[in-house]
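The lines below spell out each chain.
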Amino acid sequence: MTNSPARPDARVTVVALACVAVGAALLLPVDRPVSSALLAGAHLVAVLVLARGAQRRTDDVVWRWFAGAAVVVGVQPVLALVTGERSLGLLGGCVLAAIPLAYQGLVRWNRFRTYTSDPGDFLNGLSAVLACTGAGIVAQQRFHVLPAGWPDWKVQLWLLVAGSMVILLGTALTVAGVGGLSRDPRMWLILVALAGVGLVSSTLRGHPGDAVRGQAAWTLAFLVIAYASTRRGRPVPVAATSQAPAVGALIVLALAVVVLVADGRAGGWHATAYASVAILGITFRVVHLVRELAQLAESRHQALTDELTGVGNRRALVRELEDLVGRGLPAAMLLLDVDHFKEVNDRQGHHAGDDLLRRVAVSVRRALPVDAVLTRIGGDEFAVVMPGRDEDQAVEIAATVHRAVAAQVEIGLSIGVRSLPAGGFDPDRLLRQADAAMYTAKTAGGGVSLYDCEVDARLRDRAALVADLKALVGAGEQQMRREIAVHYQPQLDVVTRRVVGVEALVRWQHPTRGLLPPLTFLDLVEEHGLMDALTAHLLQRAVEESRPWSDGGVPLRISVNLSASSLTHPGLLCLVDRILEQTGLAPGRLVLEVTETTLMADPDLALAVTHELTRRGVQLSIDDYGTGYSSLAYLTDLPATELKLDRAFTMRVLAEPRTAEIVEATVALAHRLGLRVVAEGVEDEATLTVLRGLDVDESQGYLHARPLPPAEFAAWLAAGARRDQVVGAPAPRGV
Ligand code: C2E
Ligand code: CA
Ligand code: CA
């Protein structure tokens, strides 16, 4: 900072001394050189202090201009010091030359934040002075305020100075009000200084001593302003408006016209000349103002327009919605999304994409009612706001738009419809709800869809769950061990009733939702690319936890489910190798379960991977068998070792002889291919008995145990004797 706290005080003292000097000069006889020297010295102080103030970084601009004005007015005391001559006329001339500088300072102070120098402001001021002078001439003709003997030039000079003073004061007052400086004490000091010098000047008529009084008044005024420049201000930032200049221009115009009319009757030509020039100046100013306004309107328009399509942009939408909220009007909103836009963009290039968007915009615009506001709010998303429409009307319009775009642009749209309640709504929320409706339409394959709060709640719930999942996977191994639970369900030999294997089934111990079954989150895991991380974690956990388990001295097999993406993930083989190596598990104890759908997602790759797995000795199980459509030929090529009969068969095998026949045939075929058959979902003894009769090898289901946490499973396993009691003696095979 240029101002240390001590410096302003020194300047204040100097200014105070200079004021005393001015007082002394007024008390001394006018023609003494000492008086001239005192005045000149005091004036110099004012100039220097102002120049110092001009070095401030923020609002220096005003002090710089005032310093300039002080220099110009200072010509008079310097001349008086040198020549001993003083003239009111010379002072008037200097003041007249200085006032535009002070005026410019004030106007710029008003705008110092933007530093826009607006020539129009100067024109405004000049025209106002001329109009005022014209009015003064008319007044002088009627009321003879100034001495009757004065020549025209003297009258006009006096009036010009007076007019300038009036305009300067008026400008200072306007700046104080419009420029947010009304609470700035410096502004008030300037106002007091200008008012004081104006008052003194209005009494000067060219009497002896008037020139000194006038000079002293100006020097004092500049000293007060110089004092103001030592103070720190509290400017309040205010946006520049074109309102004040416009009002000012109108007042000047009105005044000039009045002068013209009045002067016409009085018969002089000077006033007419002043008023005419004022009107000319103000006309220029108004033209400038209009151009400024047009530019403003243009830039506002651009700020609200989407460059690509020429419709409104997101800002325009927000504004429209806020406007509707403000007016308490009901309205409806459409959210449109172009179907398969990404494909067009990717395949045919961005130009084609841009062109498509333009054509969609035109087509939608044509299909909409005239009062609808169309905006593009993102890549291929458009939003429409329709004031005064209810839900039914909105759906009808949406359908029309959909048809029009399908016919004209030959592309589908997904349109979400949301009606906006009258009297207050949250624009962001509505946009999100319309978006949810659009999403519903999109998942239904396009078309129009109305907002449904249940669907929306589900979507939001899913989104929250996805966020939690991502956070969990991102948090790493430790957190996953805390929240991810693996439950184990035994697989028993149907004849010996010994436990031979165990299937690992994942659960999520969610911090607020409790224990979540796999079907509530697995599709989200897959959808959001988190499956690999989860599978790696589960495989490791399952092998670690189940490794010690055995029944009757025979270690258990451990079955782990693989999703479609996990099977074909390039890292799977490495992962399996690493886990086998780390845990020392015999590869033959590990069973990877894959479904037919998983295999069919990429049959060739799946075949290659499964061969690689079995080459390592790892077993492969075909899960949910019977629900898919894989061809038997494909299954023959698969190096699988196990077939899991889907629960749907198991459940019906007791009641439906045809199902029993299918199962029997399947089991026979599987055995011929060297596969072991496990029946899933065995819930009662009778079913188990039938399955045993159909030659099924193993059984898994609630009959034996539900999936259990590791500790409980170990306890269940240890209670093997009791298990035999409950289940009873094995029935002979081939019932
Ligand atoms: P799945 O592989 O067919 O697993 C068997 C499902 O049947 C399990 O459901 C199990 O609790 C249930 N179940 C077992 N016995 C009975 C019974 O007697 N009656 C009835 N009604 N159901 C029985 P869960 O644990 O809810 O798992 C559902 C599915 O989630 C699994 O079907 C599997 O596709 C998937 N899944 C589970 N854990 C994992 C995993 O770690 N990774 C992957 N990728 N998928 C998993
Ligand atoms: Ca399974
Ligand atoms: Ca299954």
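Our structure's up above, just so we're on the same page.
Residues numbered from 1 in each chain as written. Chains lettered and ligands numbered in written order. Predicted model: local features only at pLDDT ≥ 70, side-chain atom pairs only at ≥ 80, totals over all residues. Heavy atoms only, no water.

Visitor: Run through the environment of Val138, naming residues and quoting values.
Guide: With respect to the helices and strands, the residue Val138 is situated in helix H6 (residues 119-143). By relative accessible area, which is 8% here, Val138 ends up buried. Residues Val138 and Leu260, spaced 122 residues apart in sequence, show a C-alpha to C-alpha distance of 9.4 Å. (Helix = DSSP H or I, 4+ residues; strand = E, 2+ residues; numbered from the N terminus. Buried < 20%, exposed > 50% of the residue type's maximum accessible area, 1.4 Å probe, protein only.)

Visitor: Now, about the side chain of Thr666: what can you tell me, with residues and values included?
Guide: Note on placement: Thr666 falls in helix H27 (residues 657-672). Residue Thr666 is classed as buried on the basis of its relative accessible area, which comes to 16%. One polar contact links the side chain of Thr666 to the main-chain carbonyl oxygen of Ile662, over a distance of 2.7 Å. Residues within four places of Thr666 in sequence aside, it is in contact with Tyr625, Leu643 and Leu645. (Polar contact = N/O pair within 3.5 Å; in protein donor to acceptor, adjacent residues only side chain to side chain. Contact = heavy atoms within 4.5 Å.)

Visitor: Can you explain the coordination of the calcium ion (ligand 2)? Please cite residues and give values.
Guide: Only Glu503 (OE), Asn561 (OD1), Glu593 (OE) and Asp623 (OD) from the protein reach the calcium ion (ligand 2) as donors, at distances of 2.1 to 2.3 Å. Counting the intervening residues between successive donors of the calcium ion (ligand 2) yields the motif E-x57-N-x31-E-x29-D. The metal-metal distance between the calcium ion (ligand 2) and the calcium ion (ligand 3) is 3.9 Å, with Asp623 coordinating both. Of this pair, Asn561 sits in strand E11 (residues 557-561) while Glu593 sits in strand E12 (residues 590-595), placing them 32 residues apart in sequence. (Donors = N, O, S within 2.8 Å, 3.2 Å for Na, K, Ca; no water.)

Visitor: Pulling in residues and values, what's your account of the site of ligand 1?
Guide: Ligand 1 sits among 22 residues. The nearest are Gln489, Arg507, Arg647, Glu683 and Tyr702. In this structure, Glu503 approaches ligand 1 through a side-chain N or O atom, which is 3.2 Å from an oxygen atom. Take Asn561: an N or O atom from its side chain is 3.1 Å from an oxygen atom of ligand 1. Within the complex, 85% of the 790 Å² of free accessible area of ligand 1 lies under protein. Breaking the shell around ligand 1 down by element, the ones donating at least two residues are strand E7 (499-510), strand E13 (619-625) and helix H26 (647-652). Tallying contributions element by element places E7 first for the shell around ligand 1, with four residues. A breakdown of the residues in the shell around ligand 1 according to their chemical character gives ten nonpolar, five polar and seven charged. (Near = heavy atom within 4 Å. Areas by Shrake-Rupley, 256 points an atom, 1.4 Å probe, with all protein chains shown as cover. Nonpolar A, V, L, I, M, F, W, Y, C, P; charged D, E, K, R; others polar.)

Visitor: Give a detailed account of the pattern of salt bridges, specifying residues and quantitative values.
Guide: This model, assessed by the stated rule, comprises 28 salt bridges. Between Asp355 and Arg359 there is a salt bridge, with its nearest N and O atoms 3.5 Å apart. Here the residue Asp355 and the residue Arg359 both occupy positions in helix H14 (residues 350-367), the gap between them amounting to four residues, near one helical turn. Classification of Asp355 by relative accessible area gives partly exposed; the value is 35%. Residue classification places Arg359 among the partly exposed positions, given a relative accessible area of 40%. (Salt bridge = Lys/Arg side-chain N within 4 Å of Asp/Glu carboxyl O.)

Visitor: Describe the packing of aromatic side chains, with residues and values.
Guide: Scanning the entire structure with this criterion turns up six aromatic pairs. Residues Tyr488 and Phe713 carry aromatic rings whose centres are separated by 6.4 Å and whose planes lie at 50° to one another, so their mutual orientation is tilted. Of this pair, Tyr488 sits in strand E6 (residues 484-493) while Phe713 sits in helix H29 (residues 710-718), and the two are 225 residues apart along the sequence. The two residues Tyr488 and Phe713 agree in class, both being buried. (Phe/Tyr/Trp six-rings, centres within 6.5 Å; stacked < 30°, edge-to-face > 60°.)

Visitor: Lay out the packing of helix H13 (residues 341-348) against H14 in plain terms, naming residues and giving numbers.
Guide: At a closest axis distance of 6 Å, the pairing of H13 and H14 adopts a crossing angle of 140°. Together, Phe341, Val344, Asn345 and Gln348 of H13 and His350, Ala352, Gly353, Leu356 and Leu357 of H14 make up the contact between the two elements. Class assignment of the residues belonging to the contact of H13 with H14 gives a composition of five nonpolar, four polar and no charged. (Axes fitted to C-alpha atoms, helices over the stretch in contact; angles between N-to-C directions.)

Visitor: With reference to specific residues and values, describe the coordination of the calcium ion (ligand 3).
Guide: On the protein side, the calcium ion (ligand 3) has Asp623 (OD), Asp624 (OD), Glu680 (OE) and Glu680 (OE) as donor atoms, found 2.1 to 2.6 Å from it. All donors to the calcium ion (ligand 3) come from one chain, and their sequence spacing reads D-D-x55-E. Classification of Asp624 by relative accessible area gives partly exposed; the value is 25%.

Visitor: Describe helix H9 (residues 210-230), and please don't skip the residues or the numbers.
Guide: The end-to-end C-alpha distance of H9, which contains 21 residues, comes to 30 Å, matching closely the 30 Å that a straight helix rising 1.5 Å per residue would cover. In terms of burial, H9 is largely enclosed, as 17 of its 21 residues are buried. (Expected span 1.5 Å × (residues − 1).)

Visitor: Before we move on, could you go through the environment of Thr219 and cite the residues and values that matter?
Guide: Relative to the helices and strands, Thr219 is located in helix H9. As a C-alpha pair, Thr219 and Leu44 span 175 residues in sequence and 9.0 Å in three-dimensional space. Setting aside its immediate chain neighbours within four residues, Thr219 contacts Val22, Leu39, Ala42 and His43. Separated by 3.1 Å, the side chains of Thr219 and His43 make a polar contact.

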